[in-house]
Amino acid sequence: VDRVAAVVSRVQARIGGLGPLEPLLADPMVSDILVNGPGPVWTERAGRLDRTPIVLDRPAIDLLVERVVAPLGLRADRTSPVVDARLPDGSRVHVVLPPLAIDGPTVTIRRFGATAVPLEAFCEPTVADLLVNAVGSGLNMVVCGGTGAGKTTLLNALCAHLPAGERVVTVEDAAELRLPGDHVVRLETRPASPDGLPGIGVRDLVRAALRMRPDRIVVGEVRGAEALDMLQAMNTGHGGCLSTCHANGP
């Protein structure tokens, strides 16, 4: 029975999922899945990189890329060798194809943390109380840190304490935030397409959010020209904005 179930699981993964990567996606301890061209697949668990026994050849990687981008109406080929996408569970996928990727197609999957982490898990109770009061008082807040530091997870924890009934507009490159409120509007960027469809960036969506009567604007990550729009929003009556940014310190 176990062998039959295992075969059925593999067939289902190959037909409707990401094939040999499905067991890794089902592992809650895996935070990143790394395909560096044909060869072994690597994972990150608790900040440590590990080589898995899973080995992919070029056709398997090509099929994997197609499974990711096709449902989203995206293209991954020589005209679009760099693609950002999102899996149904919210995980982010970044694809780089040859000739940019010299040793073969690379696929980086940044898992979406489905398990909500309470604010108390980040700090002492007194600090958590201070942060809860800051959120409730409508202070502008920016979470900064390096890659994989837990910025989005902390932002999610902070947003869990937003006052009920507020209209919250979120802006993200790839939708990762899961806000508990009952009045949340989620906006996501769109890359430019090879057939001429223009891209819509974070800056465009921040400007759009300002016209949507928000009580709060939450930007998943500020890393470009949208920083100016975010600062202007914070200083022109839109208090209580929250965001993250890559930085070594405040």
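### Side note on the pattern of salt bridges
Here is step 1: Counted by the stated rule, this structure contains 12 salt bridges.
Here is step 2: The partner of Asp-173 in a salt bridge is Arg-223, with the nearest N and O atoms 2.3 Å apart. Of this pair, Asp-173 sits in the loop between strand 8 (168-172) and strand 9 (184-188) while Arg-223 sits in the loop between strand 10 (216-219) and helix 7 (226-234), placing them 50 residues apart in sequence.
Here is step 3: For Asp-173, a relative accessible area of 36% puts it in the partly exposed group.
Here is step 4: Using a relative accessible area of 57% as the deciding quantity, one classes Arg-223 as exposed.

### Describing the sheet that holds strand 5 (residues 92-96)
Here is step 1: Read from one edge to the other, the open sheet built from 6 strands follows the order 3-2-1-6-5-4, with strand pairing classed as antiparallel. Strand pairing shows two members of the sheet lacking a second neighbour, strand 3 (48-56) and strand 4 (82-86), which therefore form its edges. Across the sheet, the mean angle separating the axes of adjacent strands is 20° when strand polarity is ignored.
Here is step 2: Across 5 bridges, the pairing between strand 4 and strand 5 is antiparallel. Within the sheet, the bridge partner assigned to Val-83 lies in strand 5 and is Val-95.
Here is step 3: Sheet contacts for helix 3 (residues 58-69): strand 1 (30-36), strand 3, strand 4, strand 5 and strand 6 (106-110); angle to strand 3, the most-contacted strand, approximately 110°.

### Thoughts on the environment of Gly-73
Here is step 1: Its location among the elements puts Gly-73 in the loop between helix 3 and strand 4.
Here is step 2: Given the relative accessible area of 63%, Gly-73 is considered exposed.
Here is step 3: With 80 residues separating them along the chain, Gly-73 and Thr-153 place their C-alpha atoms 29 Å apart.

Thresholds, definitions, all that
Residues numbered from 1 in each chain as written. Predicted model: local features only at pLDDT ≥ 70, side-chain atom pairs only at ≥ 80, totals over all residues. Heavy atoms only, no water. Salt bridge = Lys/Arg side-chain N within 4 Å of Asp/Glu carboxyl O. Helix = DSSP H or I, 4+ residues; strand = E, 2+ residues; numbered from the N terminus. Buried < 20%, exposed > 50% of the residue type's maximum accessible area, 1.4 Å probe, protein only. Pairing = 2+ DSSP bridges. Axes fitted to C-alpha atoms, helices over the stretch in contact; angles between N-to-C directions. Contact = heavy atoms within 4.5 Å.

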